[in-house]
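# Structural characterization, general
Each chain is listed here by its residues.
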Amino acid sequence: MGFAEDINRWAQRTEEKLDLAAQKIALDLFERVIMATPVDSGRARANWQVTIGTVPNGTLDLTDKTGQATISRATATAAGLKAGDVIYMVNNLPYIQRLEDGYSGQAPAGMVGLAVQDCQEIARQVGFELVVI
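What comes next concerns the included structure. (Residues numbered from 1 in each chain as written. Predicted model: local features only at pLDDT ≥ 70, side-chain atom pairs only at ≥ 80, totals over all residues. Heavy atoms only, no water.)

Quick look at the layout of surface pockets now. Of the volumes computed, that of the largest pocket is approximately 980 Å³. Residue lining of the largest pocket: 34 residues in total, with Ile87, Tyr88, Met89, Val131 and Val132 positioned closest to the centre. Elements that contribute at least two residues to the lining of the largest pocket include exactly α1 (3–36), β2 (87–90), α4 (96–100) and α5 (112–125). For the lining of the largest pocket, the element with the highest residue contribution is α1, accounting for six residues. Partitioning the lining of the largest pocket into residue classes produces 24 nonpolar, six polar and four charged. One number sums up the size of the second largest pocket: a volume of about 200 Å³. Around the second largest pocket, the lining comprises 13 residues; the ones closest to its centre are Pro38, Asp40, Ala44, Tyr95 and Leu99. Taken together, the elements giving at least two residues each to the lining of the second largest pocket come down to α2 (43–46) and α4. For the lining of the second largest pocket, the class distribution of residues is six nonpolar, four polar and three charged. (1 Å grid on protein atoms, 1.4 Å probe; cavity = no way out; pocket = protein on both sides within 12 Å on 5 of 7 lines; lining within 4 Å. Points joined across faces, edges and corners; volume = space filled by probe spheres on them. Helix = DSSP H or I, 4+ residues; strand = E, 2+ residues; numbered from the N terminus. Nonpolar A, V, L, I, M, F, W, Y, C, P; charged D, E, K, R; others polar.)

Rendered as structure tokens:
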């Protein structure tokens, strides 16, 4: 084993660890948002869409009162996340902003803002940035 091979192995392990960190931070954030989303029919919870590289359009004709199916979809997408990728979590329902603004007594302080605030410091410690648009 030469020095160059050692450096290459170290670089590969480091890249894998960064990818895993990005995935874990994203999943923690997404799970917090999904589970904090108020539930009536379960449509708001089910309409959280996660994609890598492109912003999702449209709404989903789904309901998910428990949030587990939505978390599973987010987990499947986030598994492909690499450090440096842009991952989006979007809910295109027309009333989602009202829910974020505290319209529901189930989430009077919203969902996204609180989850980002909770996860922001962890993300910063490993060199990632969480951005809300």
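The next subject is the pattern of salt bridges. Tallied over the entire structure, the rule returns five salt bridges. Of the charged contacts, one joins aspartate 19 and lysine 82 as a salt bridge, the two residues approaching to 3.9 Å between their closest N and O atoms. Of this pair, aspartate 19 sits in helix α1 while lysine 82 sits in the loop between α3 (68–78) and β2, placing them 63 residues apart in sequence. Judged by its relative accessible area of 44%, lysine 82 is partly exposed. Overlapping salt bridges, with partners in common, bring together Asp28, Arg32 and Asp118 in one network. (Salt bridge = Lys/Arg side-chain N within 4 Å of Asp/Glu carboxyl O. Buried < 20%, exposed > 50% of the residue type's maximum accessible area, 1.4 Å probe, protein only.)

The next point concerns the nonpolar core. By size, the foremost hydrophobic cluster in this structure holds 26 residues, and its most contacted members are Leu29, Phe30, Val33, Trp48, Met89, Met111 and Leu130. Counting only elements with at least two residues in this core, the list comes to α1, α3, α4 and α5. The greatest single-element share of this core, amounting to seven residues, is contributed by α1. Contacts of tryptophan 48, omitting those with residues within four sequence positions, involve Val33, Ile34, Thr37, Thr70, Arg73, Met89, Val90, Asn91, Ile96, Met111 and Val112. (Core = buried A, V, L, I, M, F, W, Y, C linked by side-chain atoms within 4.5 Å. Contact = heavy atoms within 4.5 Å.)

For the rest of this paragraph, the subject is the environment of aspartate 28. Within the secondary structure, aspartate 28 sits in helix α1. For the pair aspartate 28 and alanine 115, spaced 87 residues apart in the sequence, the C-alpha separation amounts to 8.7 Å.

The next point concerns α3. Within α3, burial applies to Thr70, Ile71, Ala74 and Ala78. The arc that holds every buried residue of α3, seen down its axis, measures 100°, which confines them to one face. Summarising the contacts, the buried residues of α3 are in contact with α1, α2, β1 (49–52) and β2. (Arc of directions from axis to C-beta.)

You can call aspartate 19 buried: its relative accessible area is 9%. Engagement of the side chain of aspartate 19 in a polar contact is seen with the backbone nitrogen of alanine 83, the distance being 2.8 Å. Setting aside its immediate chain neighbours within four residues, aspartate 19 contacts Leu81, Lys82 and Ala83. (Polar contact = N/O pair within 3.5 Å; in protein donor to acceptor, adjacent residues only side chain to side chain.)

Note that all results are geometric; they support no functional claim without further evidence.
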